[in-house]
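Residue-level listing of the chains:
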Amino acid sequence: MAKQGHWLYHLLLLVLFINVQYSIQLQASQFSSILRIHQILNYSSPLTTDFCNTEPSPSLTLVCYQDDITQLHIGGTDKPPSLPEDASTEFFLDTIVSLSSLKVLSLVSLGLEGPLPSSIAQLSSLEILNVSSNHFTGPIPVQLSSLKNLQTLILDYNNFTGQVPAWLGSLSVLTVLSLKSNSVTGFLPNSIKSLENLRILALSGNQLFGAVPDLHNLTNLQVLDLEGNRFGPSFPSLPKKVLSLVLRNNKFQCGIPDELVSQYQLQRLDISLNEFVGPFSPSLLSLPSLNYLDIGGNKLTGMLLQNISCSTDLAFVNLSSNLLTGKLPTCLESTTSDRVVLYGGNCLSDEDQEQNPSRLCHNEALAVKILPHKQKQRNPHAKALLDSSTMGGILGGITMLGLVFLFIKKVYSKNSEKLPQARSIVENVFPVNEVKLLSDARYISDTMKLGASLPAYRAFSVEELKEATNNFDASSFMSEVSQSQLYRGKLPDETLVAIKCLKLRKKHILQSYTHHIEQISKLRHTHLASALGHCLEVCQDDSNFIRMYLICQFVPNGTLRDCIAAGLSNQKLNWKQRIGAAIGVAKGIQFLHTGIVPGVFSNNLKITDVSMDNDLRVKINGYSLTLLSENKESLEIGIASPGPKRGMHVELRQKHQDRGDVYDLGVILLEIIVGRPIMSQNEVSIAKDLLRVSMGLDDKARRSIADPAVQKESSDESLKTMMDICLRCLSDEPSDRPSVEDVLWNLQYAAQVQDLSQGGSDSIVSSSQEL
């Protein structure tokens, strides 16, 4: 028994010795890493071997647990250290990654630059990561998605680009997500809705746009900061526990929901510098926890009464620059020295702060701040515009007749060089192809006939537009597109119209805009959402500007993207219909280039600019904005065409001025083929590479790239032709892209061989090219 106890005693000593040795080795390894960090940052203070008991400083703090470093904070409010020029960010982070037990890592204001090294994902125990106020660039690395214990992610004040990654939704325990003041763009992914533990979502100071996902299921959300983006137009759906809501300086344009007055825990509400319309609810002033309210710089209407109650905690109120009437509530009068109240720029009866005349705030819910006319008056230039439009159409038609044969010759010559196989097949299958081409080209010279089914272009009065939109009520608002607001309206003859509102500089109106209106009045074509008229109004609140309203055809059945992704009656467009749509888009672009002189180029067309009418005929929207934009580069561009732009030699730019629209057409073709939204230049590159690789493989490989909904029905030759012309349209060099005529030829060929494979006629070609 004594021998057994003696054996156990020696075993215990051995275990203790091994543990001590392991602890010493671990301490030595961590000390070595801390020493390297010390040296990289040129710290002057000595480093002791007992680093776990080192006194914390503003620039360096270590926290240990059972001899392991679990927290590392570098930076601080005092002058923080900076990385020397000869030390790379990657080497610095690799040194830190060797501290494998880290749960908290904070690297603030160290001048770290370049992409955030993906090696940081090796810290599998990490719960808090803060790398704010550095110079990190590029997208947020996807490797961070492996940090399943991450609770706080702070990347503020860097230069991160790309989109908010959808994989963030997989970080199920995330409570704080802050990406403030970066260059992140695109939509906010729907996966954000799955972060049920999220308490803080801060995305201010980026380039995000579109609708905010439904957040009402994020029941723990307390802070939502979206300031300084382009979110909109609808107010976001929120949970009940929100303490701070900041939507300042975005593109919100609809009304404030009634549910907001039930946010009893709300302490800060800032919706200023948007274009919110409709009534302001005075009940917001009495929310029990509210201490900060800013609704300034909107278009909110309604009457304030003196007996409205206010929260006792309310310290700041800004009601200025809206359309409010009545009297300032007594609770907002300067009875206390510490409460700030701003209310100028309304139509209140109080005169302490400058107010507008009461007539400017009448007509509630004027979503574009329409100022009432003193008298009903039509534009004096209307008749001149009509006359010049008619004469211009005749002259344009005569000019285009001379281009018909040049067009046919050009099409044949280009395709005889580039697609000899396609040419021979078309000639063998359809011996009357030349007659068809002549018929297809005839629309160029038929400018006057194209708009025969449309009413004559004319000038509208503001009163007519008010009547058509119910005083531009919020319910008629549709969207904001490229610096213009879009409303739905109905004319007295029951014609549905889309009304675009733009704010333009008055000094250019006679010299420039009148000429552009004349051009727009001529752009009438089967595949354009044609303009029916216009209206001009001087802004009485700023005499340097005018408002121009363009009244266009309303196209009812959504966009081409809608019909590809979801379809009408839950059925997607089939392959023949997609080719027909592509032909329609190409014909519309060709008319913009050649239908009037000079042509309309660089239209920045996107698939969402292509609408579908009841007969599934495409109608291109938005082309008129190219003519009216004072600065084309300021237009919202979803996917920019690569190639030289600024600084390009004038002759080279003019020579290839049509090839920018060809690139945009290529992006549309890409989405038609793959059947999914293409939202960024990076997605274009990826899909283009897939198409390029598949073109060198067999038919089965090519078919696997296409939308599964059309894989079985599309013929091999038709699909190959569509892919080939799509790739050529997406060439980086404008000079390498085909002409619009070349694109149209290949699309028609794709339709013909598709019909041939199904034993059909050329009905799809005929229907898609019907004038």
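The structure presented is a predicted model; accordingly, all values stated were derived computationally and were not measured.

## Details of the sheet that holds strand 4 (residues 113–115)
- Pairing in this open sheet of three strands is parallel, and the strands run 4-6-8 from one edge to the other. One side of each edge strand has no neighbouring strand; the edge strands of this open sheet are strand 4 and strand 8 (159–160).
- Sheet analysis places strand 6 (residues 135–138) next to strand 8, joined by two bridges and oriented parallel. Bridge pairing links Gly138 to Phe160 in strand 8.

## What to know about the nonpolar core
- Core analysis: the biggest nonpolar cluster contains 84 residues, and Leu105, Leu107, Leu245, Phe280 and Leu332 have the highest contact counts within it.
- Contributing elements (two or more residues each) for this core: strand 1 (60–65), strand 2 (68–74), helix 2 (89–97), strand 3 (104–107) and strand 19 (299–304).
- When residues of this core are assigned to their parent elements, the largest contribution, four residues, is made by helix 2.
- Apart from the residues within four sequence positions on either side, Leu245 is in contact with Leu224, Phe235, Leu238, Leu260, Leu266, Arg268, Leu269 and Asp270.
- With 56 residues, the next largest nonpolar core counts Leu573, Leu665, Ile668 and Met722 among its residues.

## Section: the side chain of Lys299
- In this structure, Lys299 sits in strand 19.
- Under the relative-accessibility criterion, Lys299 is labelled buried at 7%.

## Concerning the pattern of salt bridges
- Here the structure, examined in full by the defined rule, presents 16 salt bridges.
- Residue Glu127 is joined to Lys103 by a salt bridge in which the shortest nitrogen-to-oxygen separation is 3.9 Å. You can see Glu127 sitting in the loop between strand 4 and strand 5 (128–130) and its partner Lys103 sitting in the loop between helix 2 and strand 3, a full 24 residues away along the chain.
- It is possible to trace a salt-bridge network through shared partners that takes in Glu227, Arg248 and Asp294.

## So, the packing of helix 10 (residues 575–594) against helix 13 (residues 659–674)
- Viewed as axis vectors pointing N to C, helix 10 and helix 13 meet at an angle of 170°, and their least axial separation amounts to 11 Å. It follows from the interaxial angle that helix 10 and helix 13 lie roughly antiparallel. Contacts between helix 10 and helix 13 involve Trp575, Arg578, Ala582, Val585, Ala586, Ile589 and His593 from the former and Asp661, Leu665, Ile668, Leu669, Ile672 and Ile673 from the latter.
- Of the residues assigned to the contact of helix 10 with helix 13, the class counts are ten nonpolar, one polar and two charged.

## Here's the deal with the packing of aromatic side chains
- Evaluation of the coordinates by the stated rule reveals eight aromatic pairs.
- Here the aromatic rings of Phe187 and Phe209 are separated by 4.9 Å at their centres, their planes lie at 70°, and the arrangement is edge-to-face. Of this pair, Phe187 sits in the loop between strand 10 (185–186) and strand 11 (200–202) while Phe209 sits in strand 12 (residues 207–210), placing them 22 residues apart in sequence.
- What makes Phe187 partly exposed here is its relative accessible area of 36%.

## Regarding the state of the cysteines
- This model, assessed by the stated rule, comprises two disulfides.
- Disulfide pairing is shown between Cys310 and Cys331; the S-S distance is 1.8 Å. Here Cys331 lies in the loop between strand 21 (323–326) and strand 22 (340–342) and Cys310 lies in the loop between strand 19 and strand 20 (316–318), a separation of 21 residues in the sequence. Exposure class is identical for Cys310 and Cys331. Each is buried.

## Concerning the side chain of Asp225
- Inspection of the secondary structure puts Asp225 in strand 13 (residues 223–225).
- One buried charged residue, Asp225, forms no salt bridge at all, with the nearest opposite charge on Lys180 at 5.0 Å.
- Only 3.2 Å separates the side chain of Asp225 from the backbone nitrogen of Glu227, close enough to count as a polar contact.
- Filtering out sequence-adjacent residues up to four positions away, Asp225 remains in contact with Lys180, Leu201, Ala202, Leu203, Ser204 and Val246.

## Brief notes about unusual backbone geometry
- Here the amide bond leading from Gly232 into Pro233 is cis, since omega sits at 0°, within 30 degrees of zero.
- For Pro233, the position within the fold is in the loop between strand 14 (230–231) and strand 15 (244–246).
- Phi at Ser109 is positive, roughly 55°, even though this residue is not glycine.
- The residue Ser109 is located in the loop between strand 3 and strand 4 in this model.
- Although it is not a glycine, Leu273 sits at a positive phi angle of roughly 55°.

## With respect to the confidence of the model for the protein chain
- Averaged over the protein chain, the pLDDT score is 76; the fraction of residues at 70 or greater is 70%.
- Low pLDDT (under 50) marks residues 630–637, which in the prediction has 17 contacts with non-local residues, meaning those over four places away or in another chain.
- Low pLDDT, under 50, characterises residues 644–653; the predicted model gives this stretch four contacts beyond four residues in sequence or across chains.

## Some thoughts on the environment of Arg617
- Mapped onto the secondary structure, Arg617 falls in the loop between strand 30 (610–612) and strand 31 (618–620).
- Of the residues examined, Arg617 reaches a relative accessible area of 18% and is grouped as buried.
- C-alpha of Arg617 to C-alpha of Gln577: the two residues are 40 residues apart in sequence and 9.3 Å apart in space.

## Description of the pairing of strand 29 (residues 545–553)
- The element strand 29 is largely enclosed, with a buried count of nine among its nine residues.
- Pairing between strand 27 (residues 496–505) and strand 29: nine bridges, direction antiparallel. When the bridges of strand 29 are listed, Val497 appears paired with Gln553.
- Direction of pairing for strand 28 (residues 531–538) relative to strand 29: antiparallel, over a ladder of seven bridges. Looking at the pairing, Leu536 lines up with Met548 of strand 29.

## A short note on helix 17 (residues 740–757)
- Here helix 17 is 18 residues long and its end C-alpha atoms lie 26 Å apart, about the 26 Å a rise of 1.5 Å per residue gives.
- Counting buried residues along helix 17, 16 of its 18 residues qualify, which places the element largely inside the surrounding structure.

Parameters and conventions
- Residues numbered from 1 in each chain as written.
- Predicted model: local features only at pLDDT ≥ 70, side-chain atom pairs only at ≥ 80, totals over all residues.
- Heavy atoms only, no water.
- Pairing = 2+ DSSP bridges.
- Helix = DSSP H or I, 4+ residues; strand = E, 2+ residues; numbered from the N terminus.
- Core = buried A, V, L, I, M, F, W, Y, C linked by side-chain atoms within 4.5 Å.
- Buried < 20%, exposed > 50% of the residue type's maximum accessible area, 1.4 Å probe, protein only.
- Contact = heavy atoms within 4.5 Å.
- Salt bridge = Lys/Arg side-chain N within 4 Å of Asp/Glu carboxyl O.
- Axes fitted to C-alpha atoms, helices over the stretch in contact; angles between N-to-C directions.
- Parallel < 35°, antiparallel > 145°, perpendicular 65-115°, else oblique.
- Nonpolar A, V, L, I, M, F, W, Y, C, P; charged D, E, K, R; others polar.
- Phe/Tyr/Trp six-rings, centres within 6.5 Å; stacked < 30°, edge-to-face > 60°.
- Disulfide = S-S within 2.5 Å.
- Lys, Arg positive; Asp, Glu negative; His and termini not counted.
- Polar contact = N/O pair within 3.5 Å; in protein donor to acceptor, adjacent residues only side chain to side chain.
- pLDDT = per-residue confidence, 0-100.
- Expected span 1.5 Å × (residues − 1).

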